[in-house]
Protein chains: 2
Amino acid sequence: MNHMSEANEQMTIRQMCAEFGVTPRTLRFYESKELLAPLRRGQTRLFTRRDRARLKLILRGKRFGFALEEMRELLDLYDRDDTRLLQLRKGLKLGRKHLAEMEARRGELDEAIRDLRAELDHGARVLSQATAKPMTVKPTPEPEVIR
Amino acid sequence: MNHMSEANEQMTIRQMCAEFGVTPRTLRFYESKELLAPLRRGQTRLFTRRDRARLKLILRGKRFGFALEEMRELLDLYDRDDTRLLQLRKGLKLGRKHLAEMEARRGELDEAIRDLRAELDHGARVLSQATAKPMTVKPTPEPEVIR
DNA sequence: AGGCCGGCTGACGTTTACGTCAACGTAACG
DNA sequence: CGTTACGTTGACGTAAACGTCAGCCGGCCT
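Colleague: Residues and numbers for the interface of chain B and chain A, please.
Modeller: Listed as interface residues are 46 residues of chain B and, on the opposing side, 46 residues of chain A. Roughly 4900 Å² is buried in total at the junction of chain B and chain A, and carbon and sulfur atoms are behind 66% of that figure. Together, Arg 80, Leu 116 and Leu 120 of chain B form the three largest contributors to the area buried by chain B at its contact with chain A, with a combined 13%. Inspection of the region where chain B meets chain A yields 12 residue pairs in polar contact (both at pLDDT 80 or more).

Encoded structure:
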């Protein structure tokens, strides 16, 4: 009962690593870059729910090719410090820019997916034809246009 | 003189750079990694439509965080060498894996977009409320500056 | 008391994806 | 015929994002 105190609020570095699949080095590195700001019990880091939220966003950003430095600025937007209006304005502007980037990227991703699908379809077609009549092995002088 | 020769088929390194917004170094680097294989007129590289197609895919892949090495394997899939069936099979498998990754990534991207939008809406709401009744402004060190 | 675990701080190493610079070739321009 | 422009090949440098290793704490078990 005791060791199950409702504090999964603060967690150690190992627990964080387990939850997010990163190494301690990574978390310390992020802290050094001021992306995270865990509490301290003596020397030991204690990661809060805020750190977890930020880390989630960081890793998400990374997966889409945003640099850590870019993410750092954006993180404040998610912090919802509604008291400082100037900051908020800046954050909104930045956020909108980011959103536009992401939507553009989604469009491109869709295109890439379409293209890749087309290639896969083509490949599958060629393959089924080849296995159907295995005579047509080498000469493929089809007038197919490469687009 | 014949600057209008119909050969935009083979193009020089500068022309490539202009078309794709990269540096010569980048193209030479890609060649060294066997991602491109331009022809040669003596020493000079001549990039073909094949190189252009590949470069387009490379840059696209990069924008979505795929490493050059990953892209290199995939590029063959787009080459449509329909003669080597075993290769084709391998390529298809790889391509499908890649496609699955991209689709997963698109799902995540959509989620990220939704989240960011929510934050932006929240921010905008807070901001409009604050400007409507500016009494609830926490002690801001600086007086409000317009944008 | 001794030993191990988990965490901490440097500090240097590594990988990826190029940038930068030197030295050279060659073709055209004036 | 010199210089300007574009091309080439090394070779070394760099920024980002960690990995790795050494050395040192402070608890906790036995």
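Colleague: Report on helix α2 (residues 24–32) of chain B, specifying residues and quantitative values.
Modeller: Residue and element names in this part refer to chain B. Of the positions making up α2, those classed as buried are Pro 24, Leu 27, Tyr 30 and Glu 31. All buried residues of α2 lie within an arc of 130° about the axis, which places them on one face of the element. Residues of α2 that are exposed and point over 90 degrees away from its buried face: Arg 25 and Ser 32. One or two positions beyond α2, positive phi appears at Glu 34, with a value near 60°.

Colleague: Which residues make up the protein's contact with DNA strand D, and what values do they have?
Modeller: Neighbouring DNA strand D are 16 residues; Thr 23 and Tyr 30 of chain A together with Thr 12, Arg 14 and Arg 45 of chain B lie closest to it. A share of 72% is what sugar and phosphate atoms reach among the atoms of DNA strand D within 4 Å of the protein. Within the backbone of Leu 68 of chain A, a nitrogen or oxygen atom sits 3.2 Å from a phosphate oxygen of DNA strand D. At a separation of 3.1 Å, a phosphate oxygen of DNA strand D approaches a polar side-chain atom of Arg 40 of chain B. Those elements giving two or more residues to the surface near DNA strand D turn out to be α2 (24–32) of chain A together with α1 (13–20) and β2 (44–46) of chain B. Among the elements that line the surface near DNA strand D, the one with the most residues is α2 of chain A, at four residues. The residue inventory of the surface near DNA strand D, partitioned by class, reads five nonpolar, five polar and six charged.

Colleague: Talk me through the nonpolar core; I want residue IDs and the actual numbers.
Modeller: Counting 67 residues, the largest nonpolar core has Leu 27 of chain A together with Leu 27 and Leu 55 of chain B as the members making the most contacts within it. If near-sequence neighbours (up to four positions away) are discounted, Leu 27 of chain A is found in contact with Ile 13, Met 16, Cys 17, Val 22, Leu 36, Phe 47 and Leu 55 of chain A.

Colleague: Describe the protein's contact with DNA strand C, with residues and values.
Modeller: Surveying the vicinity of DNA strand C reveals 16 residues, the closest of which are Thr 12, Arg 14 and Arg 45 of chain A together with Thr 23 and Tyr 30 of chain B. Backbone atoms, meaning sugar and phosphate, form 71% of the atoms of DNA strand C found within 4 Å of the protein. Residue Arg 14 of chain A places a side-chain N or O atom 2.3 Å away from a phosphate oxygen belonging to DNA strand C. Lys 62 of chain B has a polar side-chain atom sitting 2.9 Å from a phosphate oxygen of DNA strand C. Counting only elements with at least two residues in the surface near DNA strand C, the list comes to α1 (13–20) and β2 (44–46) of chain A together with α2 of chain B. Of the residues forming the surface near DNA strand C, the biggest block, four residues, is contributed by α2 of chain B. Across the surface near DNA strand C, the residue classes tally to five nonpolar, five polar and six charged.

Colleague: Residues and numbers for the relation of the copies chain B and chain A, please.
Modeller: Turning chain B through 180° and shifting it by 0.0 Å along the axis lays it on chain A, with an RMSD of 0.1 Å. Taken together, the rotation angle and the small translation identify this as a two-fold axis. Relative to the rotation axis, the closest C-alpha in chain B is found at Gly 65 of chain B, a distance of 2.7 Å. When the interface residues of chain B are mapped onto chain A, 96% of them again lie at the interface, so the same face is used by both copies.

Colleague: Could you give me a rundown of the environment of Thr 12 of chain A, with the residues and numbers involved?
Modeller: All names here are of chain A. Along the chain, Thr 12 turns up in the segment before α1. The exposure class of Thr 12 is partly exposed, given its relative accessible area of 29%. For Thr 12, the residues in contact, after removing those within four places along its chain, are Arg 45 and Phe 47.

Colleague: Go over the packing of aromatic side chains with me, naming the residues and quoting the values.
Modeller: Considering all chains together, one arrives at two aromatic pairs over all chains under this definition. Plain terms: the ring middles of Phe 29 of chain A and Tyr 30 of chain A are 6.1 Å apart, the flat faces sit at 50° to each other, and that makes the pair tilted. Relative accessible area serves as the criterion here: at 28%, Phe 29 of chain A is assigned to the partly exposed category. Against the face of Phe 66 of chain B rests Arg 105 of chain B, its NZ or CZ located 4.9 Å from the ring centre.

Colleague: Give me the lowdown on the pattern of salt bridges, citing residues and values where you can.
Modeller: In this structure the tally under the stated criterion is 22 salt bridges over all chains. Glu 31 of chain B serves as the salt-bridge partner of Arg 40 of chain B, at 3.1 Å between the closest nitrogen and oxygen. With relative accessibility at 41%, the residue Arg 40 of chain B sits in the partly exposed group. Look at Glu 31 of chain B and you get buried, because its relative accessible area is 18%. Taken together, the salt bridges that share partners define one network made up of Glu 31, Arg 40 and Arg 45 of chain A.

The rules behind the values
Residues numbered from 1 in each chain as written. Chains lettered and ligands numbered in written order. Predicted model: local features only at pLDDT ≥ 70, side-chain atom pairs only at ≥ 80, totals over all residues. Heavy atoms only, no water. Contact = heavy atoms within 4.5 Å. Buried area = accessible area lost by both parts, 1.4 Å probe. Polar contact = N/O pair within 3.5 Å; in protein donor to acceptor, adjacent residues only side chain to side chain. Buried < 20%, exposed > 50% of the residue type's maximum accessible area, 1.4 Å probe, protein only. Helix = DSSP H or I, 4+ residues; strand = E, 2+ residues; numbered from the N terminus. Arc of directions from axis to C-beta. Near = heavy atom within 4 Å. Nonpolar A, V, L, I, M, F, W, Y, C, P; charged D, E, K, R; others polar. Core = buried A, V, L, I, M, F, W, Y, C linked by side-chain atoms within 4.5 Å. Least-squares fit on C-alpha atoms with pLDDT ≥ 70 in both. Phe/Tyr/Trp six-rings, centres within 6.5 Å; stacked < 30°, edge-to-face > 60°. Lys NZ or Arg CZ within 6 Å of the ring centre and 35° of its normal. Salt bridge = Lys/Arg side-chain N within 4 Å of Asp/Glu carboxyl O.

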